[in-house]
Amino acid sequence: RMYSPGGDDDLYDGYNQGSSIPGYGQLGGGLGVGQYGAAPPMMPPPTASGGPYGRVPGTASMRGGGLVSRGGAGLVSRMGGAPVVEENRPMTAVRAAGYTSAGPKPGGVFDPTGMGAAGAGRGPAPPLQKRADNSPEDMCREIEKEVNGLIEESALLSVKKQHAAALEKAKEAGKRERYLCKQREQNQLADQINIDLTYSVCFNLANQYHANQMYTEALNTYSLIVKNKQYAQSGRLRVNMGNIYYEQQKYPAAIKMYRMALDQIPNTGKEIKHKIVRNIGNAFVRLGQFQDALASYEQIMEGSPDLQTGFNLVLCYYALGDKERMRKGFSRLLSVRQVGMDAEEAEATEEGDVLDDDGLKLTMRERHKQTQKYLSMAAKLLAPVIDRDIVAGFDWVADALRVASQPSLATEMQIGKALYFMRSRQFDKAIETLKSYEKKDVTLVAHAATNLSFIYFHEGDYQNAVKYADMAMKHNRYNAKALVNKGNCMYMRGELDAARSMFHEAMGAEADCLEAIYNLAVVNKRMGDYVAALGLFEKLHAIIPNSIEVLWQIADLFDSSNQSRSAIKWFKILNSRVPTDPAVLARIGNIYLKEEDEAQAFHYHQESYRYFPVNMNVISWLGAYFVKNEMYEKAVTYFERAAQIQPNEVKWKLMVASCHRRSGDYQLAFEIYRAIHTDYPENVECLRYLVHICDDLGKKDQVHEYVTKLRKAERAMEQPGMGQPADSQGPGSSPQTSPPPPQQQQQQYHGYDENVSSNPRNGYGGESEYEQSLVARAGADVKAGANLKKVAAGGADEEHFADISLGDDLLPP
C-alpha cells in the first residue's frame, strides 16, 4: 500500500484484511462458511492481474509520474476480482549507479556523477600553491632533524671503523645543535629546547674523541655531561671515563671513576654492577694489588659467576702462589655453566651443518670456543705448579676436567704434559708419556705420534722420526703436521725430491699450513728453482706480512738472482721491522758495494758496526775503506778493535803499525813493531819492517841486530817441510794454520735458513767476496819474496792495500 498524505504511517496496513471475493473468509482464518452461504467448489486463487486468471503479474514502474502496473491500468487485488486502484508505492533501485548494459562509449571516462560534462570547459587543475616561508618554529624543527641525521651518520661511520670521518660528523652535529639553541632563544622558543638532543650530541662527540684516542678532549666532553644536573642518568658515563683512564694506564683514576659510577647504579642493575666491579678488579691486577682484585672477583663469583671472572680469579691465585686456592678456583671455574652448546653438539655441528647462516648456532659455537679457551688456558697454567710433583699436577687437572665432562680437554692436558717435558728438555719422559697413547684412541695416537716424530727429528734420530710420522699418517693420511715432519727428515737426509713431494702433499691437506709452504720454498731454493721459491715466499708474505724470516728469504732470493734494486728494497723493508739487526745492515752495504755505491756501502757498514762492533768482516772492511781513502788515523781505530777481539792474530797489530807508519808517526810505529817482535820474535814481516824503519830513523846500531834476526828467521823458513816457526805465534799458541776458505766461513742468521751462506756472495754477517778474500789473505802465511796478488774493491789503488797483503811491497824504497 502506498503512503498517502491523509493516511496513517503504516505502509502495509490492510494487507491482512479479508478478501472481497465471495465465498472466502479472511486469509488468516482458512476456509470456512462465507457470508453468502455454502462454500463454492474449490478453485485456485486468482493472481493480482487485470482478470481473475491467467495473466502474468506486472511489475511496478514509473509511468507518467505515478506508479502503475505493467499488466493493466491499475493495481489489482491479489485474490483476483475487479481491479483495485491504490496509491503509489516507493520505487526500488534496479540498476547500479553509473553502470549501464551498453557500457561506456569508446574513449569515454568513468564519470558516475557527471562532473566531466559539466566541467568540460574548465581545463586542467591549477598547480598546487607553494608553501609560504617557514615559520621560525618550522625552521628549528628542520634543523633538529638535520642534527639527528648527523648523529646517525657519525654512529654508522664509527661502526665501520672510519673514526676520523665519524668525528667530523660529530663535530658538525655539535655546531648545528648550538645554532639550533641560539635560534630558538632568539625567537622566544626557549621552552622548545631539546635537552635530550644536546645530551645525544655531546655523548656521541665524546665517544668519537675516545675512538680517535683524543683522550683529553673526550674526558672534557664527558665531564660537561656528568656535571649537568639536568641529566639524571649521566653519572653512568663515569664508566666511560674510567675506561679512558684505564687505556692511559692511570689505574687509580680509573678505579675512582668506576666506584663513582657504581654508586649511581640502582640495585636493579645487578648485571651492570658486576661488570663495573670486574673492571675494578682488572685495574687492581694492573697495579699488582692482587688481594684487592680477589675481593672484586669473589664478589662477582658469589653473585653472578661467569667464565672471564673465574679465569681472572684463577690468575690472581696463581700470582699469589696459593696452591690450595688455585684448586678451589679451578673447580669453581669448571662449575660455571654458560649458555651454549656442549661438546657433543659442537662436534655434530662441525660434522655437517646445513644452515651455515644460522646466527644462533654461530653464537653458541663461539661461546663454546670461548669456554674451551678459558678452561684450556687455566689448566695449562695451573698444572705445572698446582702440586710439588709436576706429573701429579697434570693428572689432577686432567681428572678434574673429566669429572666436569670435558674429556677432550683432559686428553689435551695429557699431551700438554708431554710438551712440558719437551720444553724442559726431558725428552725421555716426553717420549714415555707419548708412547703411552699408542694403544688408545685413534685421535690420541695420531697426536702422540706427531709429537714423537717432532722430538726424534730435533734429536737427529731421523729413522724414528720417519717411523712415527708414518704412524701418524696411517691414522690420518691428511695430517699436515706429520707430513711436514717426514718432509723435514727427507730434507736433512738430502732427499730433496722426496721432501718436496711431502711438502706438496701437506699443502694439499691443509692449504694454509705455513710450515709446509715455508719449507717447500726452502727446498725449491736449495734446488735452484728461484722462481718457484720466490712465488711461495711471496704467498707466505701475503698471509703473514710481518714475518722477518719470510722478508729475509725474499730479499736474499732477489740478491741471488742479481736483482740488486729489488734486493735493496726488500732488505730495507726488513730493516724497518728490525732496525737494529747488524746482519741486515751489513748485507745492504754489501749490495751497494756491488753496485759501486761506496758512500751507501760505508753508511750501512758503519751502522752495522755501531750495533755489533765485534763482526770481524765489517771491521776489516771499514779499516780497508779508510786505508783506501788514506784516512789512516780512522783506520787505526778499527784495526785496534780487531786486535782486541783476536789478540793472537799478529796481522791486526801489523796493520795498526803500518797505519801509523803511513800517517808519518814513525816513532810510534817503531814502538809497535818492537812490541810485536817481543811477542812474536820469529815473525819475518815484523823483522823486515823493523830493519827499514830503524834505517829511516837513523838507528844504525839496531839495524844490524834486526838484520841478523831476519836472516836467521828466513833460513828457518827455507828448510824443507818447515813453515812459519812455531814460536812466531806467540807464547803458548799452537802453530798457525791457514784459515778455511771463504765458503766455510759461514755464519747463521738467527736460524732463518741454513743454506743461504753456501754461496760466498750470499754469506751472512755482511760477507762479500772482497771481505772474505781480505780476511783470508790477511791471515795466510806469506813466503819471503812472494809476489802477492792484491784484491782491491771498488777500483781501489793497489798501493793502498799494501799493508793488507803483507808482501815485499810494504817495504819503503
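Residues numbered from 1 in each chain as written. Predicted model: local features only at pLDDT ≥ 70, side-chain atom pairs only at ≥ 80, totals over all residues. Heavy atoms only, no water.

Undergrad: What is the right way to read helix H26 (residues 598-611) from this model?
TA: Count 3.6 residues to each turn of an α-helix, and residues three or four apart come out pointing the same way. Helix length check: H26, at 14 residues, gives a terminal C-alpha distance of 20 Å against a target of 20 Å (1.5 Å per residue), a fit within 8%. Among the residues of H26, Glu598, Ala601, Phe602, Tyr604, His605, Ser608 and Tyr609 are the ones counted as buried. (Helix = DSSP H or I, 4+ residues; strand = E, 2+ residues; numbered from the N terminus. Expected span 1.5 Å × (residues − 1). Buried < 20%, exposed > 50% of the residue type's maximum accessible area, 1.4 Å probe, protein only.)

Undergrad: Is there a simple way to think about the confidence of the model for the chain in this case?
TA: Detailed reading of the predicted coordinates is not advisable wherever pLDDT is low. For the chain, the mean per-residue pLDDT works out to 74, and 69% of the residues sit at or above 70. Here residues 47-82 scores under 50 on pLDDT; set against residues more than four positions off or in separate chains, the count is 60 contacts. Confidence drops under a pLDDT of 50 for residues 722-813, and excluding neighbours within four residues, the segment shows 185 contacts in the predicted structure. (pLDDT = per-residue confidence, 0-100. Contact = heavy atoms within 4.5 Å.)

Undergrad: Is there a simple way to think about the environment of Lys634 in this case?
TA: Mapped onto the elements, Lys634 comes out in helix H28 (residues 632-645). Counting along the chain gives 25 residues from Lys634 to Cys659, while the straight-line C-alpha distance between them is 9.3 Å.

Undergrad: I would appreciate a short explanation of the environment of Arg587 in the present structure.
TA: Within the secondary structure, Arg587 sits in helix H25 (residues 582-594). Classification of Arg587 as buried rests on a relative accessible area of 1%.

Undergrad: Please explain the packing of aromatic side chains as it appears in this structure.
TA: Each aromatic ring pair is characterised by the separation of its centres together with the angle its planes make. Going through the model one piece at a time under the given rule, you end up with 19 aromatic pairs. An aromatic cluster of at least three residues, connected via ring pairs, comprises Phe602, Tyr609, Trp621, Tyr625, Phe626 and Tyr638. One cation-aromatic arrangement involves Arg327 over Trp396; the distance from NZ or CZ to the ring centre is 4.8 Å. The ring of Tyr611 carries the charged tip of Arg610 above its face, separated from the ring centre by 4.5 Å. (Phe/Tyr/Trp six-rings, centres within 6.5 Å; stacked < 30°, edge-to-face > 60°. Lys NZ or Arg CZ within 6 Å of the ring centre and 35° of its normal.)

Undergrad: Can you help me understand the pattern of salt bridges in this one?
TA: A side chain with one charge can pair with a side chain of the opposite charge if their charged atoms come near. A complete count under the given rule lists 23 salt bridges for this structure. Between Arg500 and Asp497 there is a salt bridge whose closest N-O contact spans 3.9 Å. On the criterion of helical spacing, the pair formed by Arg500 and Asp497 is a turn pair, its members being 3 residues apart in helix H20 (residues 496-509). Look at Arg500 and you get partly exposed, because its relative accessible area is 24%. (Salt bridge = Lys/Arg side-chain N within 4 Å of Asp/Glu carboxyl O.)

Undergrad: Would you mind showing me how to read the nonpolar core here?
TA: Across soluble globular proteins, you tend to see nonpolar side chains buried next to one another. One finds Phe537, Phe571, Phe639, Tyr673 and Ile676 to be the most contacted residues of the largest nonpolar core, which totals 109 residues. Not counting residues up to four positions away in its chain, the partners in contact with Phe639 are Gly623, Ala624, Val627, Trp652, Met655, Val656 and Cys659. With 59 residues, the next largest nonpolar core counts Ala206, Ile276, Met326 and Met413 among its residues. (Core = buried A, V, L, I, M, F, W, Y, C linked by side-chain atoms within 4.5 Å.)

Undergrad: How do you make sense of the environment of Phe457 when you look at a structure like this?
TA: The residue Phe457 is located in helix H17 (residues 442-459) in this model. Along the backbone, Phe457 and Cys489 are 32 residues apart, and their C-alpha atoms lie at a distance of 6.8 Å. Apart from residues no more than four positions distant in its own chain, Phe457 is found in contact with Tyr462, Ala465, Asn488, Cys489 and Met492.

Undergrad: Would you explain unusual backbone geometry in this entry?
TA: A negative phi angle characterises most non-glycine residues, just as the trans form characterises most peptide bonds. Although it is not a glycine, Gln213 sits at a positive phi angle of roughly 60 degrees. The residue Gln213 is located in the loop between helix H4 (195-211) and helix H5 (215-226) in this model. The exposure class assigned to Gln213 is exposed, which follows from its relative accessible area of 58%. Phi is positive for Glu596, close to 60 degrees, though the residue is something other than glycine. In this fold, Glu596 is placed in the loop between H25 and H26.

Undergrad: What should I look at first to understand the packing of helix H22 (residues 530-543) against helix H23 (residues 548-560) in this one?
TA: Relative orientation of the contacting elements H22 and H23 amounts to 155 degrees, with a least axis distance of 9 Å. When the interaxial angle is binned, H22 and H23 end up roughly antiparallel. As H22 packs across H23, the resulting crossing turns out to be left-handed. Residues Tyr530, Ala533, Leu534, Phe537, Glu538, Leu540 and His541 of H22 pack against Val550, Leu551, Gln553, Ile554, Leu557, Phe558 and Ser560 of H23. Of the residues that constitute the contact of H22 with H23, the class distribution is 10 nonpolar, 3 polar and 1 charged. (Axes fitted to C-alpha atoms, helices over the stretch in contact; angles between N-to-C directions. Parallel < 35°, antiparallel > 145°, perpendicular 65-115°, else oblique. Left-handed = near helix turned anticlockwise from the far one by under 90°. Nonpolar A, V, L, I, M, F, W, Y, C, P; charged D, E, K, R; others polar.)

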